[in-house]
Amino acid sequence: MGSSIDELPAARATGAPRAEPLLVLEDIDKSFGITQALSDADLTVYPGEVVGLVGPNGAGKSTLMKVITGVLEPTDGSITVRGRRVARVSQREIVELGIACAYQDLSLCTNLSVYENFALLNMDHGAWSPRGWRKEQQGQAAALLERYFPGHGIDVTEPVSALSLAGRQMVEICKALMDDHLGLLVLDEPTSALSANRAEQLHAAVREVSAAGVAVIYISHKLDEIQKVCDRIVLLKNGTDVGEFDPGRITPDDLVGLMGGGARALADASSRGEPADGPVLVSASGYGVPGLTDIDLEVRAGEIVGIAGLVGSGQPTLLKSIFARRRGRVGTLRVGGQVSYVSGDRAGEGVFPLWSILDNIVVSSLRGVTRLGLVDRKRSATLAGSWFDRLRFRAESVNSPITSLSGGNQQKALIARGLASGADVILLNDPTAGVDIETKQEIYGLLSEARAAGKAVVFHSTEDAEMEICDRVYVMREGRVTSELSGADVSVDSVVRASFAEVERTATEGRRRSAMSRLLQSRLVLPISAMLVIFALNAAVNPNVLTLSSARLLLGTAVPLVFAALGQMFVVTAGDIDMGNGYSIGLANVLVAFVLSGSLVVGLVSLVLLVAAYALMGALIHLRQLPAIVVTLGAQFVWLGVALIVSPVPGGQSPQWLSTLYRTQVLVLPMPAVLCLVAAAGGWFVVFRWKYGMVLRGVGNNRDAIERSGWSFLLGKMTNYALAGLMVVLAGMSFTAVTYAADVNTSLAFCMMSIATVIVGGCEMSGGVVEPIGVVAAAVAMSLITSLLVFIKVDSNLQMAVTGLIIISVLATRLITRRRASVAA
Amino acid sequence: MTRAWEFVRRYPAIWPILGSLVLFLLIGMLNGSVGSTILFTAARLSTFALLLALGQMVVVTSGDGAIDLSQIYILTLCAYVSTTLMDTSPVLGFVLAVLIGGVCGLVNAFVNVYLKVPAMVTTLATGYIFFTLVLIGSSRMKVLPNAGFVALVTRDVGPVSAQTIIVALVGVVLAVVLYRTPYGKQLHAVGQNRTAATLAGIPTGRVVTTAFVIGGMLSGLAGVLAAAVMGGAFQDMGLSYFLPSVAAAFVGGTAASGGRSSVLGVSFGALMMTLMSSFLNTAESMYHLPSGIKQLVMGAFLVSILILSVAGVRTRRRQVGMVTA
């Protein structure tokens, strides 16, 4: 924000007079440690033009876009926004230019509904909105989707997690297009999951907005698309822009050639021709699993077999199936010999980040380096050292941490791991993603060596050009192998042609669920039916339960758990867990019975401080990235300490007004019942109806999405914790009203009980997916279980075991039903 | 300065060792004399928290949010089993009690790994069940420990308690298992990234199961020793060890996200928690502090040492994300 403002002549000699450029990037450098992602990259964007940005993987396209969208600050270089020099693109420039971006790694909160994801972006940040804003937002969201993707078939009230990949991508794009002041739109691989006709709709939208004066940067690997929609093509290579082309004058082939074609050179040199005649190591005929249909293939020792096709045609699924069947034969897929798997998703599926290069290489060969049951250090060092020397890692020694390596070098270590394990079949899933040309050549070399050594190499790449190093190529389309290329047929052209062979897609987008199945899958079914069944059992055993006074008694003891569980729920909403609420409720209990009963003002202040302490705890957990489970465990010492300082011995009394209030009756309903209803309604309102409830839930799901939408993640987390603190206070109050006194140690059981209740209530411990009404119902059910067991004279000792068994069976059942639902979908 | 920082970051065991030293000196200051007795006593007192903390460390190291909240109930259950069975035969009682701890761990692993219930919830629920077994069985089980075994465990060898020797042996064996055997490597790999571990050919489910079993056996061993030292088994015997053991596990350099452990660090973590507790007890009685101060200081200390020791690891993680992205 505080950048100096220098006037700079912005006009560029481009022949024809053009409008002032929106954005000029000059000599941009960006490095991460020793990895230079961008060096001297230039890019100028004028209003109303569509710039196609192409380049091989790892060329720095995504990094450049992150500089433009303000996610990253360049290490060096100059940025000029409408003639004004700035140090980095800050929120101010984003608003001024109207920069919006559809990210490749989708920036949606999957637990929020489609319209809420839109609303996060286009609603003001005030605490309240006029009534009916949800209806309005739903209408706008549906209209927006309909405008750009007619016939999209997306129900905007469904959570994003229920959408197909294509559906999500459409939502992501519409989210970017929604900006009223849109001036610069960045589309990063927008069509990777879209069918051809959806891609057409997107291209129409791009033309429409650019005609209205919006600048568009269109990044894609699909060069035919680039040619169709772009006014100008910029080629990025190794972090530098290496040329600008007129889409009317350049062919996709030329572009591929310019992008590197490194693979081709090597392919010529490789000894292709004579078909491999080694034993068949992998074979399948008519093999099918979810995602794969009728696969026929055969891989022999001593050959490299490519798996090609458009992204999302099932290639990784095929590789993982082969890997999963490594212990013999299942169905019609047969795998002979040891299999190793090398993933190109290094952070997600490959690297062990806490380890050295040595350990990362040796981990798959432990059997070979073990002597007398112990890992032999000398043997490990010899094994890893030989690969280290062969592969010429750019690192100090084989004992350097793997994270000191660049992405490409990490990949070499992973391939070394696969080869060192002595496997007969090597599966490679896009191993060259984000790897520079030189390292790629080394990787091709390694694969050739593996072939020469008689291994069967199965190689999947998202870069078609790389298929040229293969002896044979299977091209996949929608989970099927649609063609096999071999010999001279293995070329980029034929791979591309085969990939697009049948463009017609079976429509699988957006399936509406029936009202009935929606109801059955609702998270409320279990807790509410549990509550009703247990209540009915109670009544059957002891008909007195049906009278008003005993209902008051039963519910009266349930209320503290209701609030305790809601408090736990708010922490779970943020994706954390509160292991210390036993003592914090005890503290609230003590504060109410000793302080509040004496002085209303001092008491209230002390309780407000407790809420504030919870908010601070949330802030601490976020700012220092601490594990919540440990912090809350530690914090419980603090709660206990404060409680003991306030009152070293149990005692105190419930304030008169509190006891009176607890005994009153609203119409025919006793107060505890009213409190349960109010708690359920209030929780439901805060989480699902309040505007900020979207942020509260988003916080537990996708931090990036919240921050990119302009909301403060910190504030969201703190609010979740503050609400949890408020519930703790209410739990402490109602507990005092029930027990008439305070003892910090009696409320300890609330910790475990509240966690159990939250789970039975239908919440997901992973965060963001919660169900306040279910939690309240579950809390009532849990305390009714206790009285039921008393009524039927079950040993009170068994109550804990029953609770434990209920939790396990609920979760196990939920898992099974989910699995069934996902198979059916 | 930066090198010192780098060193501390690589060896998180430094924190609890420094903490133990500081608390040792503080206790010495209060007492007016610094004697090794303080250390040996603290080492003896820390036995049970330490065994639990080591078990917790093994489980947490398997990653994916694994944690064992049922430990203290396993401890109690095994304590009762040992006192009952040692009547027949001390050796049989000892072995069976520890094995039952392992079976409890196996139950946890079955629910967590095969029913896919999150570990925290699993062990919360199984903990209820184990405790119920204690509640039901305690009336029919024998409470007093075997006299011979008690004499063996409470004996001193020079200034060192037999308990400390047992724990030290367990620590050495565990360190060999974790840092020198293929299983140890696999456990740390699984903890860092389960997907990557599976794809690297590691039998992830088996590794996690073994971690739970080891954790259960250590809890069982703690129970057997505790019953002997405390003069018998009782229902709430595990309760007071829950917090110190969890705290020791994390303060000692166990990564909450898994994949990193330190037998040395966790051992000193347990020692530090014990020293802190006796320091606060001494201070409390000498200066007549209000009783809550002790817990307050303990909580604040715990959270701040976490901030110091955990923050370093996290920064490194973030860099990984950047580079591999």
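Higher on the page you've got the structure.
Rules behind the numbers
- Residues numbered from 1 in each chain as written.
- Chains lettered and ligands numbered in written order.
- Predicted model: local features only at pLDDT ≥ 70, side-chain atom pairs only at ≥ 80, totals over all residues.
- Heavy atoms only, no water.
- Contact = heavy atoms within 4.5 Å.
- Buried area = accessible area lost by both parts, 1.4 Å probe.
- Salt bridge = Lys/Arg side-chain N within 4 Å of Asp/Glu carboxyl O.
- Polar contact = N/O pair within 3.5 Å; in protein donor to acceptor, adjacent residues only side chain to side chain.
- Helix = DSSP H or I, 4+ residues; strand = E, 2+ residues; numbered from the N terminus.
- Nonpolar A, V, L, I, M, F, W, Y, C, P; charged D, E, K, R; others polar.
- Phe/Tyr/Trp six-rings, centres within 6.5 Å; stacked < 30°, edge-to-face > 60°.
- Buried < 20%, exposed > 50% of the residue type's maximum accessible area, 1.4 Å probe, protein only.
- Patch = residues over 30% accessible without salt bridge, like charges linked within 9 Å, V, L, I, M, F, W, Y side chains within 5 Å.
- Areas by Shrake-Rupley, 256 points an atom, 1.4 Å probe, with all protein chains shown as cover.
- Axes fitted to C-alpha atoms, helices over the stretch in contact; angles between N-to-C directions.
- Left-handed = near helix turned anticlockwise from the far one by under 90°.
- Pairing = 2+ DSSP bridges.

Participant: What should I look at first to understand the interface of chain A and chain B in this one?
Facilitator: Where interface size is given, it is often the accessible area lost as the parts come together that is meant. Each partner contributes residues to the interface: chain A has 72 residues there, and chain B has 67 residues. Each partner contributes to the roughly 6300 Å² buried at the junction of chain A and chain B, and carbon and sulfur atoms together form 76% of this total. Of all residues in chain A, the largest losses of buried area upon contact with chain B belong to Leu354(A), Phe637(A) and Met800(A), amounting jointly to 12% of the total for that side. Between Lys185(B) and Asp359(A) there is a salt bridge, with the nearest N and O atoms lying 3.1 Å from each other. Counting every contact that joins chain A to chain B gives six residue pairs in polar contact (both at pLDDT 80 or more). If one sorts the elements of the side of chain A that touches chain B by residue count, helix α22 (residues 628–646) of chain A sits on top with 14 residues. A breakdown of the residues in the side of chain A that touches chain B according to their chemical character gives 46 nonpolar, 17 polar and nine charged.

Participant: Please explain the side chain of Thr370(A) as it appears in this structure.
Facilitator: Looking at the element boundaries, Thr370(A) is found in strand β17 (residues 370–371). A distance of 2.6 Å separates the side chain of Thr370(A) from the backbone oxygen of Leu366(A), its partner in a polar contact. Setting aside residues up to four positions removed in sequence, Thr370(A) forms contacts with Val375(A), Asp376(A), Arg379(A) and Pro182(B).

Participant: How should the packing of aromatic side chains be read in this particular structure?
Facilitator: Two descriptors summarise a pair of aromatic rings, namely the distance from one centre to the other and the angle between the planes of the rings. Residue and element names in this part refer to chain A. Taken as a whole and judged by the stated rule, the model has ten aromatic pairs over all chains. Plain terms: the ring middles of Tyr-614 and Trp-639 are 5.4 Å apart, the flat faces sit at 0° to each other, and that makes the pair stacked. In this pair, Tyr-614 is assigned in helix α21 (residues 600–623) and Trp-639 in helix α22, connecting sequence segments 25 residues apart. Each member of the pair Tyr-614 and Trp-639 is classed as buried. For the ring pair Phe-735 and Phe-750, a centre distance of 5.2 Å and an interplane angle of 80° mean the geometry is edge-to-face. Of this pair, Phe-735 sits in helix α27 (residues 713–739) while Phe-750 sits in helix α28 (residues 750–760), placing them 15 residues apart in sequence. Each member of the pair, Phe-735 together with Phe-750, is buried.

Participant: Looking at this structure, how should I read a nonpolar patch on the surface?
Facilitator: Residues and elements named next belong to chain A. Side chains of Leu-600, Val-601, Val-602, Leu-604, Val-605, Leu-609, Trp-657 and Leu-661 sit close together on the surface and give an oily, nonpolar patch of about 760 Å² of accessible area. Of all the secondary-structure elements, those providing two or more residues to the nonpolar patch are α21 and α23 (656–663). In terms of residue count, the dominant contributor to the nonpolar patch is α21 (six residues). The topology assignment puts Leu-604 in helix α21. Overall, the relative accessible area of 42% leaves Leu-604 in the partly exposed class.

Participant: Explain the packing of α21(A) against α27(A) here, please?
Facilitator: In a pair of packed helices, the angle between the axes and the distance between the axes together describe the arrangement. All names here are of chain A. Contact pair α21 / α27: the axes reach a minimum separation of 7 Å and the direction vectors enclose 145°. Taken as a pair, α21 and α27 cross one another with a handedness that is right-handed. Residues Leu-607, Leu-610, Val-611, Tyr-614, Ala-615, Met-617, Gly-618, Ala-619, Ile-621, His-622 and Leu-623 of α21 touch α27, and the partners they reach there are Phe-713, Leu-714, Lys-717, Met-718, Tyr-721, Ala-722, Ala-724, Gly-725, Leu-726, Val-728, Val-729 and Met-733. Across the contact of α21 with α27, the residue classes break down as 19 nonpolar, three polar and one charged.

Participant: Where do I start with the environment of Gly132(A) in this structure?
Facilitator: Its location among the elements puts Gly132(A) in the loop between α3 (114–122) and α4 (133–148). Placed 88 residues apart in sequence, Gly132(A) and Thr44(A) show a C-alpha to C-alpha distance of 43 Å.

Participant: Is there a simple way to think about the sheet that holds strand β6 (residues 99–102) of chain A in this case?
Facilitator: Sheet strands pair by backbone hydrogen bonding; their relative direction is either parallel or antiparallel. All names here are of chain A. Strand order in the open sheet formed by six strands is β6-β7-β8-β3-β9-β10, with mixed pairing between adjacent strands. The open sheet has two edge strands with one neighbour each: β6 and β10 (240–245). Going across the sheet, the axis of each strand differs from the next one's by a mean of 20°, ignoring polarity. With four bridges connecting them, strand β3 (residues 50–54) and strand β8 (residues 215–219) associate as parallel partners.

Participant: Before we go on, may I ask you to explain the pairing of β3(A) in this structure?
Facilitator: Every regular strand shows the same layout, with side chains that alternate between the two sheet faces. Residue and element names in this part refer to chain A. Burial analysis of β3 places five of its five residues in the buried class, the great majority of the element. Residues Val-50, Gly-52 and Val-54 point to one face of β3 and Val-51 and Leu-53 to the other, with burial holding for every one of them. In terms of strand pairing, β3 meets strand β9 (residues 232–237) through four bridges, oriented parallel. Looking at the pairing, Val-51 lines up with Arg-232 of β9.

Participant: It is not clear to me how the sheet that holds strand β16 (residues 339–343) of chain A should be interpreted in this structure. Could you clarify?
Facilitator: Residues and elements named next belong to chain A. The strand order across the open sheet formed by six strands is β16-β19-β20-β13-β21-β22, and the pairing between neighbours is mixed. Two strands close off the open sheet at either side, each with one partner strand: β16 and β22 (480–486). Here the strands of the sheet are splayed against their neighbours by 20° on average, with no regard to which way each runs. Strands β16 and β19 (425–429) of the sheet are contacted by helix α14 (residues 407–420), whose axis makes an angle of about 175° with β16.

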